[in-house]
Amino acid sequence: MGDSYIPPRRGSIDNPLRIAVLISGGGSGLLAILNHQLSKPSCHVTKLIISDNIDSKGLNYGSDFNVTSFAIELPIIQDKYQQRILHENIVHEKLIESNIELVIMSGYMRILTPIFVKKWKGRLVNIHPSLLPKYPGAHAHRDALADGANVTGCTVHLVDEGVDTGRILAQSEVPIFEGDTLEILQERVKKVEHLLYPQTLDNYCSK
Ligand code: GRF
C-alpha cells in the first residue's frame, strides 16, 4: 500500500487545524470530539460535518455546536463505481471550499476509493471498533463475539487504499464478558472510543 502519507500542518491553540467530520449515523463519536474541543483550548476545530445519510441523527450536532453540517447522499446513477466517484468528488469539493486540513471519519459507513484516499492520505483518519489488524470490515463486534474473544478494543488509524489497513495511531483494549450481546459490546467499546479519538487527534494535530 506504500507509506506515502502527507501529514497535516502542525495545529496550535492560536491556529487550530480545521477539521471535517464524516458520519453516517448517530454521531456519538462526533459529539465526543465536539465536546472535547469545547472543553479546553484545542489544536483542532470542527468546521464541517458531512453525512452520507440525510436521516443521520448526528447532523443535528451541527446546529447545537454552530458548525456547518449537511448531507451529501449518493447521486442516483446506474454505474456503482461512477456513483462512488461522483459522490466523493462532491465531498472533496466541499472540503476544499471550507479549507479543511484534516478529515475525520467517525462512523462513516463508506469505503473510500483509492482516488479520494490519494488526495487526503495522511490527512484522513478513521476509528475502527476492534484491535486492528484483528476483525477489520463492517462487522467487527460480531466477528469478535463469534471468535469467542475475551478482549477487543478500538483503533485510530490513518486511512490508506485498503480496508482498515492504514498506519495505526493509537489503540485501547476493551474486555468482552460472558453473555455480552452485540449491543452491549458496541456501547462498551464506544465509551472507550470517545476518549481515545479526541486524545489521538490532539497528538496527531500537534506533532
Ligand atoms: C463507532 O463504533 C465506530 O467505531 C464505528 O461506528 C460507530 C459509530 O458510532 N465505525 P456513532 O455514529 O459515532 O455513534
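No experiment lies behind these values; they were computed from the predicted model shown.

(A) Molecular detail of the side chain of His141. With respect to the element layout, His141 can be found in helix 5 (residues 140-146). Classification of His141 by relative accessible area gives buried; the value is 9%. His141 has contacts with Pro129, Leu182, Leu185, Gln186 and Val189, leaving out every residue within four places of it along the chain.

(B) Molecular detail of the site of the ligand. Neighbouring the ligand are Gly26, Gly27, Ser28, Gly29, Gly107, Ile127, Pro129, Lys190 and Glu193. Contact distances for the ligand include 2.6 Å between an oxygen atom and a side-chain N or O atom of Ser28. One nitrogen or oxygen atom from the side chain of Glu193 is found 2.6 Å from an oxygen atom belonging to the ligand. At the level of secondary structure, the elements contributing two or more residues to the shell around the ligand comprise helix 1 (28-39) and helix 6 (182-205). Looking at the shell around the ligand residue by residue, the classes come out as two nonpolar, five polar and two charged.

(C) Seen up close, unusual backbone geometry. Following Leu132, the chain continues to Pro133 via a peptide bond in cis, the omega torsion being 15°. In this fold, Pro133 is placed in the loop between strand 5 (124-128) and helix 5. Unusually for a residue other than glycine, Asn66 sits at a positive phi of about 60°. By secondary structure assignment, the location of Asn66 is in the loop between helix 2 (60-65) and strand 3 (68-71). The phi angle at Asn99 is positive, at roughly 55°, despite the residue not being glycine. Its location among the elements puts Asn99 in the loop between helix 3 (80-97) and strand 4 (102-105).

(D) Layout of the packing of aromatic side chains. The tally for this structure, following the rule as stated, stands at zero aromatic pairs. The ring of Phe70 carries the charged tip of Lys94 above its face, separated from the ring centre by 6.0 Å. The residue whose ring lies beneath Lys121 is Tyr5, and the NZ or CZ to ring-centre distance is 5.1 Å.

(E) Broad picture of a nonpolar patch on the surface. A cluster of nonpolar residues, Ile77, Leu86 and Ile90, forms a patch on the protein surface that exposes about 200 Å² of accessible area. Among the secondary structure elements, Ile90 is positioned in helix 3. Given a relative accessible area of 31%, Ile90 falls into the partly exposed group.

(F) Structural detail: the side chain of Gln83. By secondary structure assignment, the location of Gln83 is in helix 3. You can call Gln83 buried: its relative accessible area is 9%. There is a polar contact of 2.8 Å between the side chain of Gln83 and the backbone oxygen of Pro75. Other than its neighbours up to four places away in sequence, Gln83 contacts Leu74, Pro75 and Ile77.

(G) Looking closely at the nonpolar core. Leu30, Ile49, Leu102, Ile104, Val125 and Tyr197 are the most contacted members of the largest nonpolar core, which totals 34 residues. Put simply, the parts of the chain that give this core at least two residues each are strand 1 (17-23), helix 1, strand 4, strand 5, helix 5, strand 6 (151-158), strand 7 (168-175) and helix 6. In terms of residue count, helix 6 provides more of this core than any other element does, seven residues in total. Ranked by size, the runner-up nonpolar core spans 17 residues in total, among them Ala20, Val103, Leu112 and Leu124.

(H) Structural detail: helix 1. With twelve residues, helix 1 ought to run about 16 Å at 1.5 Å a step, and its terminal C-alpha atoms sit 16 Å apart, in line with that. Looking at helix 1, one finds that the buried residues are Gly29, Leu30, Ala32, Ile33, Leu34, His36 and Gln37. The elements touched by buried residues of helix 1 are strand 1, strand 2 (44-51), helix 2, strand 4 and helix 6.

(I) The arrangement of the environment of Cys205 in detail. Locating Cys205 in the fold gives a position in helix 6. Residue class for Cys205 comes out buried when judged on its relative accessible area of 1%. Discounting chain neighbours no more than four positions away, the residues touching Cys205 are Arg9, Arg10, Gly11, Leu17, Cys43, His44 and Leu102.

What counts and how
- Residues numbered from 1 in each chain as written.
- Predicted model: local features only at pLDDT ≥ 70, side-chain atom pairs only at ≥ 80, totals over all residues.
- Heavy atoms only, no water.
- Helix = DSSP H or I, 4+ residues; strand = E, 2+ residues; numbered from the N terminus.
- Buried < 20%, exposed > 50% of the residue type's maximum accessible area, 1.4 Å probe, protein only.
- Contact = heavy atoms within 4.5 Å.
- Near = heavy atom within 4 Å.
- Polar contact = N/O pair within 3.5 Å; in protein donor to acceptor, adjacent residues only side chain to side chain.
- Nonpolar A, V, L, I, M, F, W, Y, C, P; charged D, E, K, R; others polar.
- Phe/Tyr/Trp six-rings, centres within 6.5 Å; stacked < 30°, edge-to-face > 60°.
- Lys NZ or Arg CZ within 6 Å of the ring centre and 35° of its normal.
- Patch = residues over 30% accessible without salt bridge, like charges linked within 9 Å, V, L, I, M, F, W, Y side chains within 5 Å.
- Areas by Shrake-Rupley, 256 points an atom, 1.4 Å probe, with all protein chains shown as cover.
- Salt bridge = Lys/Arg side-chain N within 4 Å of Asp/Glu carboxyl O.
- Core = buried A, V, L, I, M, F, W, Y, C linked by side-chain atoms within 4.5 Å.
- Expected span 1.5 Å × (residues − 1).

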